[in-house]
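A structural walkthrough
Chain by chain, the residues:
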Amino acid sequence: MRLDKYLKVSRVIKRRTIANEVCDAKHVLVNGKIARASYDVKENDIIEITMGSNVTKIQVTKVTEHATKDDAALMYKVLN
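Scoring rules and cut-offs
Residues numbered from 1 in each chain as written. Predicted model: local features only at pLDDT ≥ 70, side-chain atom pairs only at ≥ 80, totals over all residues. Heavy atoms only, no water. Helix = DSSP H or I, 4+ residues; strand = E, 2+ residues; numbered from the N terminus. Rg over C-alpha atoms; globule rule 2.2 N^0.38 Å. Buried < 20%, exposed > 50% of the residue type's maximum accessible area, 1.4 Å probe, protein only. Contact = heavy atoms within 4.5 Å. Areas by Shrake-Rupley, 256 points an atom, 1.4 Å probe, with all protein chains shown as cover. Pairing = 2+ DSSP bridges. Salt bridge = Lys/Arg side-chain N within 4 Å of Asp/Glu carboxyl O. Core = buried A, V, L, I, M, F, W, Y, C linked by side-chain atoms within 4.5 Å.

**Description of the overall build of the protein chain**
On a plain count of helices and strands, the protein chain comes out with three helices and five strands. Going from N to C terminus, the protein chain has its helices and strands arranged as α-α-β-β-β-β-α-β. The C-alpha radius of gyration computed for the protein chain amounts to 11 Å, which stays within 12% of the reference 12 Å derived for 80 residues, consistent with globular compactness. Counting only C-alpha atoms and orienting by the principal axes, one finds that the protein chain spans roughly 30 × 25 × 20 Å. By residue count, 31% of the 80 residues in the protein chain fall in the buried class. For the protein chain, contacts bridging at least 24 residues in sequence account for 38% of all contacts bridging at least 6. Approximately 5100 Å² of the protein chain is accessible, and the part contributed by carbon and sulfur atoms is 49%.

This is the structure we're talking about:
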């Protein structure tokens, strides 16, 4: 699954267009490397998102195409 779609489906970022813009601005690292929106997310990837002075670090635990509100929280684990 694409990185921008994963961020939206897992509800880390509310809108896919915003997730895409954050990736284009090079504020997203996957496993320590700058990632594009088209990056293919895999389980156990470490995603680090910088928005202003706020840094969010998560580990991907599950990748699914659709998720309910309750299931979205199970798709990642916060590492901060």
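Back to the write-up after that little detour.
**Here's the deal with the side chain of Ser 10**
Mapped onto the fold, Ser 10 is located in the loop between helix 1 (3–9) and helix 2 (16–24). Filtering out sequence-adjacent residues up to four positions away, Ser 10 remains in contact with Ala 72, Met 75 and Tyr 76.

**Regarding the sheet that holds strand 3 (residues 46–51)**
Read from one edge of the open sheet, five strands run 2-1-3-4-5, paired in antiparallel fashion. Here the strands that pair on one side only, and so sit at the sheet edges, are strand 2 (33–34) and strand 5 (76–78). One ladder, built from three bridges, connects strand 4 (residues 54–60) with strand 5; its direction is antiparallel. Paired with Gln 59 across the bridge in strand 5 is Lys 77.

**Details of the pattern of salt bridges**
A side chain with one charge may pair with a side chain of the opposite charge, provided their charged atoms come close. This structure, assessed with the given rule, holds three salt bridges. In this structure, the salt-bridge partner of Arg 16 is Asp 4, at a minimum N-O distance of 3.3 Å. With Arg 16 in helix 2 and Asp 4 in helix 1, this pair connects stretches of sequence that are twelve residues apart. For Arg 16, a relative accessible area of 33% gives the class partly exposed. Between Glu 65 and Lys 5 there is a salt bridge, with the nearest N and O atoms lying 2.7 Å from each other. Of this pair, Glu 65 sits in the loop between strand 4 and helix 3 (69–72) while Lys 5 sits in helix 1, placing them 60 residues apart in sequence.

**Observations concerning the nonpolar core**
Leu 3, Tyr 6, Leu 7, Val 28, Val 30, Ile 47 and Ile 49 are the most contacted members of the largest nonpolar core, which totals 21 residues. Of all the secondary structure elements, the ones that give two or more residues to this core are helix 1, helix 2, strand 1 (28–30), strand 3 and strand 4. No other element matches helix 1, which puts four residues into this core. Those residues in contact with Leu 7 that lie beyond four places of it in its chain are Val 12, Ile 13, Ala 19, Ile 47 and Ile 49.

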